[in-house]
Amino acid sequence: MRIATFNINGIRAAQRRGFDAWLAERGADVVTLQEVRAPVEALPEGVFGDYHLAYDPGSIAGRNGVAVLTRQPPAAVRTWSGSATLLGPGEPPTEVDAEQGTLARGMREFSDEGRYLEVDLADQLLTVASLYLPKGGLPAHLQKPGRMREAPDGGAKYDRKMRFLDAFARQLKRSRLEARARGREFVLTGDLNIAHLNHDVANWRRSQQSEGFLPEEREWLDQQLSPRTLVDVLRAAHPDADGPYTWWSWLGRAFEKDVGWRIDYQLATPALAKSVIGASVDREPSREERRSDHAALVVDYQWT
C-alpha cells in the first residue's frame, strides 16, 4: 500500500505544472493533499483522474483546503466542520454531512478553516488523516523590525499557532484512540509546519529563532511521538540522514542548493509503522519542474 502526502500550494497552479501527470504515474493507493486552495466549483476538471476525492475547502477564500484521494469511495469521512465534498470519477461533486464527533477543547476556533479531514478506507482497516497546521510566526520578543519580511504583529500569529497546537494534541489523541476502537490503524499525514530535529533543517543553527523550528514547537512534536503512540516513519527509515527535505523557498537558489526543511510527515501507529518498506521524497530534478514549494512524501507499507 502506497500513501503519498503533498502540499500542492494551490491545485490550479499545481495542475499547470503537471500535477495530474505526477498523480497518474506515481501509483499511490492513497494521496493526501494540503493547501488545495480552491472552491469546489473551481477544481480543474479531471485533475484527480480515477481517484475518489473527499475534500474540505474551508471557509477562507483562496486559503487552506485539505483532501484525501482514494481508489475506492471511503467508508467514512470526518471533518471538524461537519461537512465535506465527495467527487468520484466522472461524477458531479456532492456535499455531504461528515462525521464531526466531539471536538477537543479549543479546537472549534479552527473548525471551519479547512485544516483537517480523515477517512476510513473501504478496503483496509486504516484511518488516514490530512492536516494543514498553521504556519504561525515569531513570539513578540523575537520580532525585530527590519529583519522580518512581514510587519511585526506583536506575536499574534505565534499565539494562534500555540493555541492550535495545544488543542490539536488533545484532538489527535482522540482521533487515534477512536480509530483503534473501530479496529483500525491510524496515520496522520500532511504539512505540520514544524521541523523536528537538526537533521530536518539545512541551516539549523541559524534557524533556531525561526518560526517552525522554535524550541517549544519542536518540544510539542516530541510529545506526540513515541514507540507506543505515533512514529515518524520517514525519520525511522532514514535515522541519521540530513533531510530528506520536503520544502524549499522559491527565493534565491534554495532548491538548487538543497537548502530545505522537512516539515511534511506521515505519523503512523506502531503496527503500521513496522510495516514500512520504503519512504522517499519526490524532489523534482530542477527548479523549472517544481510542482509546488513542497515535494510529495511517499511511503510504501506492506500492510494488509
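Being a predicted model, the structure only gives us computed values, none of them experimental.

Another point: the environment of Asp264. For Asp264, the location among the structural elements is in strand 12 (residues 264-268). Linking Asp264 and Leu125, residues 139 residues apart in sequence, is a C-alpha distance of 24 Å. Residues contacting Asp264, with those up to four places away along its chain left out, are Asn7, Gln34, Gly190, Asp191, Thr246, His294 and Leu297. At 2.5 Å, the side chain of Asp264 and the side chain of Thr246 are in polar contact. At 2.9 Å, the side chain of Asp264 and the side chain of His294 are in polar contact.

This brings us to the side chain of Gln266. Within the secondary structure layout, Gln266 lies in strand 12. Relative accessible area serves as the criterion here: at 0%, Gln266 is assigned to the buried category. For Gln266, the side chain forms a polar contact with the side chain of Tyr301, separated by 2.8 Å.

The next subject is the sheet that holds strand 11 (residues 231-232). With respect to topology, six strands assemble into an open sheet ordered 5-8-9-10-12-11, the strand pairing being mixed. Two strands close off the open sheet at either side, each with one partner strand: strand 5 (76-79) and strand 11. Summarising the sheet, strand 8 (residues 116-120) and strand 9 (residues 126-132) pair through five bridges and their orientation is antiparallel. Within the sheet, the bridge partner assigned to Asp120 lies in strand 9 and is Thr127. Against the sheet, helix 3 (residues 156-181) contacts strand 8, strand 9 and strand 10 (185-191), and its axis sits at roughly 150 degrees relative to strand 10.

Parameters at a glance
- Residues numbered from 1 in each chain as written.
- Predicted model: local features only at pLDDT ≥ 70, side-chain atom pairs only at ≥ 80, totals over all residues.
- Heavy atoms only, no water.
- Helix = DSSP H or I, 4+ residues; strand = E, 2+ residues; numbered from the N terminus.
- Contact = heavy atoms within 4.5 Å.
- Polar contact = N/O pair within 3.5 Å; in protein donor to acceptor, adjacent residues only side chain to side chain.
- Buried < 20%, exposed > 50% of the residue type's maximum accessible area, 1.4 Å probe, protein only.
- Pairing = 2+ DSSP bridges.
- Axes fitted to C-alpha atoms, helices over the stretch in contact; angles between N-to-C directions.

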